[in-house]
Amino acid sequence: MHVHQILKSKGDGPVITITSKTSIAEAANVLAERRIGGLIVSSDGTQVEGILSERDIVRSLALRGAVCLEETVGDLMTRNPVCCSKDDTADSVLQKMTNGRFRHMPVTEDGALVGIITIGDAVKARLEELAMEAEALQGMIMGH
Ligand code: AMP
């Protein structure tokens, strides 16, 4: 399954982005309200500047305490995140996520943000693919 098929099955909602100047406290509010685990950082909603994960906030809270809530997204975000394209497969996205130990990946087209894939989306797509393959094999063995 390809990334464009995964995006289609998720629906056409806009990707939630945040600017690097936003406070960490505000970013935590957005993550909680939207019930998501990562935010793409972009000043214009198109150019991907970084990614901020709930893990970045938790790590900083544990290391330095609540003072980090007053810092900005730009202070904690991961710059130049690994992105994928609409033509990539669920399998290749899963491999990149597993190797890089992260669970979010912006999807870009000609350098512009067009979607986001989470590890949950990629695993779901891969499981559907494997179920279809198993069914096809069973059909061949049973002769129908
Ligand atoms: P995650 O597992 O996605 O919540 O993030 C774990 C760590 O990886 C955090 O420090 C994130 O900022 C970073 N991260 C998340 N997504 C990516 C990505 N696509 N490329 C590089 N780093 C990422």
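Just so it is clear, the structure is predicted and the values come from calculations on it, not from any experiment.

> Looking at this structure, how should I read the overall build of the protein?
Scanning the protein from terminus to terminus reveals 6 helices and 6 strands. Starting at the N terminus and ending at the C terminus, the protein contains elements arranged as α-β-α-β-β-α-α-β-α-β-β-α. In terms of its C-alpha atoms, the protein occupies a principal-axis envelope of roughly 65 × 35 × 25 Å. Among the 144 residues that make up the protein, the fraction classed as buried is 33%. Of the contacts made within the protein by residues no fewer than 6 positions apart, 56% connect residues no fewer than 24 positions apart.

> What exactly am I supposed to notice about the packing of helix α5 (residues 90-100) against helix α6 (residues 119-142) here?
Describing two packed helices takes the angle between their axes plus the distance from one axis to the other. Where α5 contacts α6, the axes come no closer than 9 Å and their chain directions differ by 135 degrees. In terms of orientation, α5 lies oblique with respect to α6. In this structure, the crossing between α5 and α6 has a hand that is left-handed. Contact residues: α5 offers Ala 90, Asp 91, Val 93, Leu 94 and Met 97, while α6 offers Ile 119, Ala 122, Val 123, Ala 125 and Arg 126.

> What should I look at first to understand the nonpolar core in this one?
Among soluble globular proteins, nonpolar side chains are generally buried collectively. If you look at the biggest cluster of nonpolar residues, it comprises 13 residues, and the most contacted ones within it are Val 3, Cys 84, Val 93, Val 107 and Ile 117. Those elements that place two or more of their residues in this core are α1 (3-10), α5, β5 (104-109) and α6. Tallying contributions element by element places α5 first for this core, with 4 residues. Setting aside residues no more than four positions away along its own chain, Val 93 makes contact with Val 3, Cys 84, Asp 88, Met 105, Ile 117 and Ala 122.

> Sorry, what's going on with the environment of Thr 118 here?
Relative to the helices and strands, Thr 118 resides in strand β6 (residues 112-118). What Thr 118 contacts, discounting residues up to four positions off in sequence, is Met 97, Arg 103 and His 104.

> Hey, could you run me through the site of the ligand in this one?
With respect to spatial proximity, 14 residues lie near the ligand, and among them Ser 53, Asp 56, Thr 78, Arg 103 and His 104 are the closest. Take Thr 78: an N or O atom from its side chain is 2.6 Å from an oxygen atom of the ligand. One of the side-chain nitrogen or oxygen atoms of His 104 is found 2.7 Å away from an oxygen atom of the ligand. In isolation the ligand exposes 480 Å². Once the protein is present, 91% of that is buried. Elements supplying a minimum of two residues to the shell around the ligand: β3 (50-53), α3 (54-64) and β5. Broken down by class, the residue content of the shell around the ligand amounts to 6 nonpolar, 3 polar and 5 charged.

> Any chance you could explain the pairing of β3 here in plain terms?
Burial along β3 is two-sided: the residues Gly 50 and Leu 52 and Ile 51 and Ser 53 are all buried. Pairing analysis gives 4 bridges linking strand β2 (residues 38-41) to β3, with the strands arranged antiparallel. Paired with Leu 39 across the two strands is Leu 52, which belongs to β3.

Definitions and limits used
Residues numbered from 1 in each chain as written. Predicted model: local features only at pLDDT ≥ 70, side-chain atom pairs only at ≥ 80, totals over all residues. Heavy atoms only, no water. Helix = DSSP H or I, 4+ residues; strand = E, 2+ residues; numbered from the N terminus. Buried < 20%, exposed > 50% of the residue type's maximum accessible area, 1.4 Å probe, protein only. Contact = heavy atoms within 4.5 Å. Axes fitted to C-alpha atoms, helices over the stretch in contact; angles between N-to-C directions. Parallel < 35°, antiparallel > 145°, perpendicular 65-115°, else oblique. Left-handed = near helix turned anticlockwise from the far one by under 90°. Core = buried A, V, L, I, M, F, W, Y, C linked by side-chain atoms within 4.5 Å. Near = heavy atom within 4 Å. Polar contact = N/O pair within 3.5 Å; in protein donor to acceptor, adjacent residues only side chain to side chain. Areas by Shrake-Rupley, 256 points an atom, 1.4 Å probe, with all protein chains shown as cover. Nonpolar A, V, L, I, M, F, W, Y, C, P; charged D, E, K, R; others polar. Pairing = 2+ DSSP bridges.

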